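Here's the letter readout for the chains.
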Amino acid sequence: MGKEKKTESYDNGSYNYKMFKCFNRKFKINEVQPTDDVRDAFCQFSVGGSGRGAGGDGDSSDDGVMGAEQLCSFLDDNQVNSATTVAEAQRLIDEVIRRRHHVTRFTRHGLDLDDFFNFLFYDDLNPPITPNVHQDMSAPLSHYFIYTGHNSYLTGNQLSSDCSEVPVIKALQRGVRVIELDLWPNSTGTDINVLHGRTLTTPVPLITCLKSIRDHAFYSSPYPVIITLEDHLTADLQAKVAEMATQIFGQMLYYPESESLEEFPSPASLLHRIIISTKPPKEYLESRNPIGKQKENGNVSPSSEEETPGTEEIQTLESILFYQDCDNKSDSDQEEEEASEDQKPAYKRLITIHAGKPKGTVKEEMKVVVDKVRRLSLSEQELDRTCSSNSQDVVRFTQKNLLRIYPKGTRFNSSNYKPLIGWTHGAQMIAFNMQGYGRSLWLMHGMFRANGGCGYVKKPNFLMKKGFHDEVFDPKKKLHVKVYMGDGWRLDFSHTHFDTYSPPDFYTKVFIVGVPADNAKRKTRVIEDNWYPIWDEEFSFPLTVPELALLRIEVREYDMSDKDDFGGQTCLPVSELRPGIRSVPLYDKKGEKMKSVRLLMRFIFE
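Residues numbered from 1 in each chain as written. Predicted model: local features only at pLDDT ≥ 70, side-chain atom pairs only at ≥ 80, totals over all residues. Heavy atoms only, no water.

A.B. asks: So what's going on with the overall build of the chain? Residues and values would help.
C.D. replies: Counting its regular elements, the chain contains 18 helices and 21 strands. Buried residues in the chain amount to 56% of all 606 residues. When contacts within the chain are restricted to residue pairs at least 6 apart in sequence, long-range pairs at least 24 apart make up 72% of them. Accessible area for the chain stands at about 26300 Å²; split by element, carbon and sulfur atoms hold 47% of it. (Helix = DSSP H or I, 4+ residues; strand = E, 2+ residues; numbered from the N terminus. Buried < 20%, exposed > 50% of the residue type's maximum accessible area, 1.4 Å probe, protein only. Contact = heavy atoms within 4.5 Å. Areas by Shrake-Rupley, 256 points an atom, 1.4 Å probe, with all protein chains shown as cover.)

Here's what the structure looks like:
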């Protein structure tokens, strides 16, 4: 609500809000207190008071102490974390005491109720999802969803923003594993620029982007980085790209000895390696001016896998995958191909993941191509159209090959689409504009917080088996989500940020985003005039496909006269949720973690 210049006044645990420049409204700041569930848990596992360890009846244990063995029991029984040892529990106790009291474990040996409550609220000590890589990383790349960027070099919109290495660096630091670069000759035709072709975007030199990838590729994850190239280059410039990549990446650059792969390598076998994906030069040259394809596809740039900005062709997957060699190529094309024979091997041999159009329909291709894997790119509209008519063919294709989905060409503002359609059909690379923000991008952030945030998430088993539809709609689980309270807004925002005349009125919205049968939305009541809202409300969500479900949480500040203010959000993969009482940190609209804002929540599966 009110964002006008404020006059801050904090006195004796209260805030003063000025009204009409002459009246003061004073609101007392209440300290956060443990909820009943937290008190009950401490009562059950503490010793020295009347908890379980002391043999009491559990009526009051505020004076109890929770030592390492008791904390270990709590984590095992209540938090379903059986891997915690007594030594690890003692380290947690020492860290909590150090943060709260600045003393060593030799002075304090256990947690009192307030220490225990604060431990539950430390999101780094008590996170809502598993913080480490824990999935099998030895399967082929096609068995994983891969964190994928679209036009990774753009700083803003698709038409007039600057191209820079900075968005590439930010994406890698966030954990993105697929970086897309559009390659075009510079004005003199002697060097390579990265830019969004046929737009007003300003270029950045390719060498700058490649060096940035080399320096930041493994900042957040050791697993391979894939560079997808949209190649608009002549043969001599392709050879220059090969020389650049070889010199800059050195031993980091992986490429197979054979011309094509029968099966993709695994992420585990490609630690700290960089791989390239694009059309091989021969397929690129054949696709530049085939007369038949020009007549069939109109004016879409044939040298690019993606549509030119402003075009919105919607085709079936069979028509997209259909490829026919053209015997009527122009003399200039033939001469260019002949002239490039010497340059092609240096460039082509660096391409690990071949992109191109198969020479037949989907069903024919899956039967014929058994000794070769490749990558196919479809627009979001093409995917929608295809999944409605040939969904099983898409799933079957993605069991062995890679499918990349990119935003339609009219998303000039760098917005994004709904990623669940691609994921539910096994598409590994859902290419997103990482420089934007919004609910779709929050879902992307949430999905790839899974598996330790390494950028690779194992696809559900049913997507790798036959009988896909039979397994999707088999009921499997019910998730119970309890929202206890929130804290931290007072530290991250001014006291008049949400409302000029009173403390904020917070409420929390909880969403399940997944297959259509699982989608649901719930909302807590509004807690008025309180920086420490306590909702203590529980919601239940039946799930048919928990492997693809995301839990989206958003806090809003109620406003009677205007749009409700944003108070934070997060998105978590349901399959990674850790049962028990957890601290859930919130993020801003751009996906950056807030310094202090978090929720205390409980998750239970049945």
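A.B. asks: I'd like a rundown of unusual backbone geometry, residues and numbers included.
C.D. replies: Where the residue is not glycine, phi is negative for most of them; where a peptide bond is considered, it is trans in most cases. One non-glycine residue, Asn-151, adopts positive backbone phi at about 45 degrees. Mapping Asn-151 onto the fold places it in the loop between β3 (144-149) and α5 (166-174). Under the relative-accessibility criterion, Asn-151 is labelled buried at 1%. In this model, Asp-536 sits at a positive phi of 55 degrees, which is unusual for a non-glycine residue.

A.B. asks: Requested: an account of the confidence of the model for the chain, with residues and values cited.
C.D. replies: Counting all residues, the mean pLDDT for the chain is 83, and 79% of those residues have values of 70 or more. Contacts from residues 1-8, a stretch scored under 50 in pLDDT, to residues over four places away or in other chains number 24 contacts. Confidence drops under a pLDDT of 50 for residues 468-476, and excluding neighbours within four residues, the segment shows 20 contacts in the predicted structure. (pLDDT = per-residue confidence, 0-100.)

A.B. asks: Which residues make up the packing of helix α1 (residues 36-45) against helix α4 (residues 113-121), and what are the values?
C.D. replies: At a minimum axis distance of 10 Å, the contact between α1 and α4 shows a crossing angle of 120 degrees. The angle between α1 and α4 falls in the class oblique. Both α1 and α4 take part in a crossing whose hand is right-handed. When α1 is examined against α4, the residues Val-38, Arg-39, Ala-41 and Phe-42 are found in contact with a partner set consisting of Leu-113, Phe-116, Phe-117 and Leu-120. Taken together, the residues of the contact of α1 with α4 break down into seven nonpolar, no polar and one charged. (Axes fitted to C-alpha atoms, helices over the stretch in contact; angles between N-to-C directions. Parallel < 35°, antiparallel > 145°, perpendicular 65-115°, else oblique. Left-handed = near helix turned anticlockwise from the far one by under 90°. Nonpolar A, V, L, I, M, F, W, Y, C, P; charged D, E, K, R; others polar.)

A.B. asks: Explain the pattern of salt bridges to me, using residue names and the numbers behind them.
C.D. replies: This model, assessed by the stated rule, comprises 19 salt bridges. Asp-393 is the partner of Arg-396 in a salt bridge, and the nearest nitrogen-oxygen pair spans 3.0 Å. Taken together, the positions of Arg-396 and Asp-393, both in helix α14 (residues 380-398) and three residues apart, correspond to about one turn of that helix. Connected via shared salt-bridge partners are Asp-37, Lys-482, Asp-536, Glu-538 and Arg-602. (Salt bridge = Lys/Arg side-chain N within 4 Å of Asp/Glu carboxyl O.)

A.B. asks: A description of the packing of helix α2 (residues 68-77) against helix α3 (residues 86-101) should follow, citing residues and the corresponding values.
C.D. replies: When two helices pack together, their arrangement is given by the angle between their axes and by how far apart the axes lie. Following both chains from N to C, one finds α2 and α3 inclined at 105 degrees, their axes separated by 8 Å at the closest point. Between α2 and α3, the angle falls in the class roughly perpendicular. Seen from α2, the contacting residues are Ala-68, Glu-69, Leu-71, Cys-72 and Leu-75; seen from α3, they are Val-86, Ala-89, Gln-90, Leu-92 and Ile-93.

A.B. asks: Could you give me a rundown of the packing of aromatic side chains, with the residues and numbers involved?
C.D. replies: Aromatic rings in a pair are described by how distant their centres are and how their planes are angled relative to each other. Going through the model one piece at a time under the given rule, you end up with 15 aromatic pairs. Residues Tyr-144 and Tyr-456 carry aromatic rings whose centres are separated by 6.2 Å and whose planes lie at 85 degrees to one another, so their mutual orientation is edge-to-face. Of this pair, Tyr-144 sits in strand β3 while Tyr-456 sits in strand β13 (residues 456-458), and the two are 312 residues apart along the sequence. Summarising the burial analysis for this pair, Tyr-144 and Tyr-456 share the class buried. Taken together, Trp-489, Phe-493, Phe-498, Phe-506 and Trp-531 form an aromatic cluster joined through their ring pairs. Geometry around Tyr-122 places Arg-99 over its ring, the cationic atom sitting 4.8 Å from the centre. (Phe/Tyr/Trp six-rings, centres within 6.5 Å; stacked < 30°, edge-to-face > 60°. Lys NZ or Arg CZ within 6 Å of the ring centre and 35° of its normal.)

A.B. asks: Tell me what's going on with the pairing of strand β15 (residues 506-513), and back it up with residues and numbers.
C.D. replies: Among the eight residues of β15, eight are classified as buried, and the element is accordingly described as predominantly covered. Judged by which residues are buried, β15 turns out to be covered on both faces: Phe-506, Thr-508, Val-510 and Ile-512 on one side and Tyr-507, Lys-509, Phe-511 and Val-513 on the other are all buried. Two strands pair when backbone bridges link them, and β15 and strand β18 (residues 550-557) are joined in this way by eight bridges, in the antiparallel orientation. Within β18, the position partnered with Phe-506 by the bridge is Glu-557. Sheet topology note: the β15/strand β16 (residues 520-523) ladder contains four bridges and is antiparallel. Bridge pairing links Ile-512 to Ala-520 in β16. Here β15 hands over to β16 after six residues, the two strands then running antiparallel side by side. (Pairing = 2+ DSSP bridges.)

A.B. asks: Talk me through the nonpolar core; I want residue IDs and the actual numbers.
C.D. replies: In terms of nonpolar packing, the biggest core is built from 71 residues, with Leu-181, Ile-213 and Trp-423 touching the most fellow members. Looking at which element gives the most residues to this core, the answer is helix α7 (residues 235-249), with seven residues. Each residue touching Ile-213, except ones within four places of it in the same chain, is listed here: Val-168, Leu-172, Ile-179, Leu-181, Val-225, Ile-227, Phe-249 and Ile-274. Core analysis: the next-biggest nonpolar cluster, separate from the first, contains 64 residues, Trp-442, Val-481, Ile-527 and Val-574 among them. (Core = buried A, V, L, I, M, F, W, Y, C linked by side-chain atoms within 4.5 Å.)

A.B. asks: Lay out α5 in plain terms, naming residues and giving numbers.
C.D. replies: Among the residues of α5, Pro-167, Val-168, Ile-169, Ala-171 and Leu-172 are the ones counted as buried. Along its buried surface, α5 packs onto β4 (178-185), α6 (206-216) and β7 (225-231).

A.B. asks: Go over the environment of Thr-190 with me, naming the residues and quoting the values.
C.D. replies: Among the structural elements, Thr-190 can be located in the loop between β4 and β5 (192-194). Along the backbone, Thr-190 and Asp-236 are 46 residues apart, and their C-alpha atoms lie at a distance of 9.0 Å. What Thr-190 contacts, discounting residues up to four positions off in sequence, is Leu-237 and Lys-240.

A.B. asks: Can you tell me about the pairing of β18, naming the residues and giving the values?
C.D. replies: Among the eight residues that make up β18, eight are buried, leaving the element largely enclosed by the rest of the structure. Every second residue of β18 is oriented toward a common face, with Leu-550, Arg-552, Glu-554 and Arg-556 on one face and Leu-551, Ile-553, Val-555 and Glu-557 on the other, all of them buried. Taken together, the eight bridges between β18 and strand β19 (residues 565-573) define a ladder with antiparallel strand orientation. Across the sheet, Arg-556 pairs through a bridge with Phe-566, a residue of β19.

A.B. asks: Outline the environment of Ser-212, supporting the account with residue identities and numerical values.
C.D. replies: Relative to the helices and strands, Ser-212 resides in helix α6. For the pair formed by Ser-212 and Ile-169, sequence separation is 43 residues and the distance between their alpha carbons is 6.5 Å. If we ignore the near neighbours within four places in the chain, the residues touching Ser-212 are Glu-165, Ile-169 and Leu-172.

A.B. asks: Describe a nonpolar patch on the surface, naming the residues involved and giving the relevant values.
C.D. replies: Together, Val-526, Tyr-558 and Met-560 give the surface a local cluster of nonpolar side chains, amounting to about 330 Å² of exposed area. Counting through the fold element by element, Tyr-558 comes out in the loop between β18 and β19. (Patch = residues over 30% accessible without salt bridge, like charges linked within 9 Å, V, L, I, M, F, W, Y side chains within 5 Å.)

A.B. asks: Can you tell me about the side chain of Ser-164, naming the residues and giving the values?
C.D. replies: Among the secondary structure elements, Ser-164 is positioned in the loop between β3 and α5. Judged by relative accessible area, Ser-164 falls into the buried class, the value being 13%.

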